[in-house]
Amino acid sequence: MSIPFTHTHGDRRYSGRSNLDRVERADGAPLVIALHGGTYTSEYFDIPGYSLLDRATERGIPVIALDRPNYVDSSPLESEDSIILANAAVLGDAIGSIWEQYGEASPGIVLLGHSIGGAVATAIAASDPSWPLLGLTTSGCLVRVPQESRGAWESLPPIPMIDLPVPMKDQVMFGPAGTFADDMPAASHPSNTLVPKVELLDITGGWIGRRAEMCAQVGVPVYHRQGEFDALWVTDQGEVEQYRAGFTAAPTVDIELQLGSGHCIDFHSPSAEFQQGQLDFAREVAKAAVA
C-alpha cells in the first residue's frame with residue numbers, strides 16, 4: 001500500500017496517495033498523475049493485487065493519484081456549467097505546482113485517467129497546459145451512453161452527493177462472471193465513495209456534446225483501452241473507431257477494446273496486462289521526449 005499524499009495550491013487542498021516514498025526512479029521516467037472516476041477515491045489505483053502504484057514502483061515510475069475535488073479531503077468545487085471542465089481547470093493548475101515540487105529529473109508528466117477522471121484528464125490535455133505534458137492514457141470513456149443512463153441519473157434524489165448502492169454499482173462497474181477473479185468485486189470496495197450528482201449528469205450529457213471538440217485539441221500521444229463489456233458506454237468496435245478518429249491533433253493514437261473486461265479494467269482479469277500497457281506507454285513517450 002502507498003502513503004497518503006497531500007498538496008496545497010492557492011486556497012485549494014488535494015488529498016491522494018503516491019509511491020514517492022518507495023520508488024527508485026528509473027532514468028528518464030515520467031511523473032504519472034492519476035485521476036480516478038466517479039464513485040471511487042484515489043485508492044482505486046492502489047487496491048492490493050491490482051495496484052497501479054505497486055506496478056509503477058516495480059518499473060521505477062513515480063505516480064501521484066489525486067482525489068479530485070469533492071472527494072475525500074480535496075477541496076469542494078461547484079460549477080454552474082460543466083463540473084468536468086471545472087475539475088480540469090483547478091486540477092491543471094494544481095498539477096503545475098505539483099510538477100514544480102516533484103518533477104525533479106523527470107522529462108514531463110503523463111496524465112492517466114479512468115472514466116470521469118479520463119474525461120477530466122482529456123480536458124486538461126486539451127487545454128495545452130504550461131507544464132510539460134508528454135502523453136494521455138485513459139480508460140472507461142467513449143462516445144455515447146445507453147439511452148436510459150441519463151434518465152437513470154436524473155431520477156436520483158435531488159441531493160448533491162449520491163451514495164450508489166453497492167450491488168447496483170458492482171453490476172455496472174464489472175463485466176460478466178469469468179472476467180474477474182473470486183476476490184472481486186469485494187476487493188474493490190475500500191475505494192468506494194459518494195459521487196457528486198452533477199458529475200453523473202455531466203458525463204452523460206454535456207461532456208458527450210463537447211467530447212469531439214476536446215479530443216480534437218489534444219496534441220500529445222494518446223493511449224486508451226475500453227472494456228469489452230463496459231455497461232456504462234455503448235461499446236463496440238465501431239464506437240471505438242469513432243472515438244479514435246476524434247484525436248485529430250495527436251501525433252500517435254493507440255485505442256483498442258480490452259477483451260474480457262468490464263468498465264473498471266483495473267479490477268478485471270486483464271488488470272496486469274492493462275496497467276503494464278499504460279506504464280509502457282508512459283515510458284515510451286518519456287523516452288521520445290528526450291530523444
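That block above? That's the structure.
Residues numbered from 1 in each chain as written. Predicted model: local features only at pLDDT ≥ 70, side-chain atom pairs only at ≥ 80, totals over all residues. Heavy atoms only, no water.

Engineer: It is not clear to me how unusual backbone geometry should be interpreted in this structure. Could you clarify?
Structural biologist: Among all residues except glycine, the phi angle is most often negative; among peptide bonds, the trans geometry is most common. For the peptide bond that leads from Met184 to Pro185, omega is 0°, which places it in the cis range. You will see that Asn70, though not glycine, has its phi angle at about 80°, which is positive. Structurally, Asn70 can be placed in the loop between β4 (63-66) and α2 (83-102). Of note, Val72 is a non-glycine position whose phi angle comes to about 50°, a positive value. (Helix = DSSP H or I, 4+ residues; strand = E, 2+ residues; numbered from the N terminus.)

Engineer: Is there a simple way to explain the pairing of strand β5 (residues 109-114) in this structure?
Structural biologist: Residues in a regular strand project their side chains so that they alternate between the two faces of the sheet. Among the six residues in β5, six count as buried, and that is most of the element. Burial along β5 is two-sided: Ile109, Leu111 and Gly113 and Val110, Leu112 and His114, pointing in opposite directions, are all buried. Of the pairings in the sheet, the one linking strand β3 (residues 31-35) to β5 comprises five bridges and is parallel in character. The partner of Ala34 across the bridge, within β5, is Leu112. Bridge analysis of β5 against strand β6 (residues 133-139) gives six bridges, and the strand direction is parallel. Across the sheet, the residue bridging to Ile109 is Leu133, located in β6. Note on the crossover from β5 through helix α3 (residues 116-126) to β6: the handedness is right-handed. (Buried < 20%, exposed > 50% of the residue type's maximum accessible area, 1.4 Å probe, protein only. Pairing = 2+ DSSP bridges. Right-handed = clockwise from strand over helix to strand, strands pointing away.)

Engineer: It is not clear to me how the packing of aromatic side chains should be interpreted in this structure. Could you clarify?
Structural biologist: Pairs of aromatic rings are described using the distance from one ring centre to the other and the angle between the two planes. For the structure on display, the rule yields 10 aromatic pairs. Centre to centre, the rings of Tyr40 and Phe267 are 6.1 Å apart; their planes meet at 65°, and the pair counts as edge-to-face. With Tyr40 in the loop between β3 and α1 (52-59) and Phe267 in the loop between β10 (253-258) and α9 (271-290), this residue pair connects regions lying 227 residues apart in the sequence. Each member of the pair, Tyr40 as well as Phe267, is classed as buried. Their ring planes at 55° and their centres at 4.6 Å tell us that Tyr44 and Phe267 sit as a pair that is tilted. One end of the pair, Tyr44, is in the loop between β3 and α1; the other, Phe267, is in the loop between β10 and α9, with 223 residues separating them in the sequence. Phe267 carries the same exposure label as Tyr44, and that label is buried. The rings of Tyr40, Tyr44, Phe45, Tyr50, Phe174, Phe180 and Phe267 are connected pair by pair, giving a single aromatic cluster. Over the aromatic face of Tyr40 sits the side chain of Lys169, whose NZ or CZ is 3.5 Å from the ring centroid. Over the face of the ring belonging to Tyr223 we find Arg225, whose NZ or CZ atom lies 4.2 Å from the ring centre. (Phe/Tyr/Trp six-rings, centres within 6.5 Å; stacked < 30°, edge-to-face > 60°. Lys NZ or Arg CZ within 6 Å of the ring centre and 35° of its normal.)

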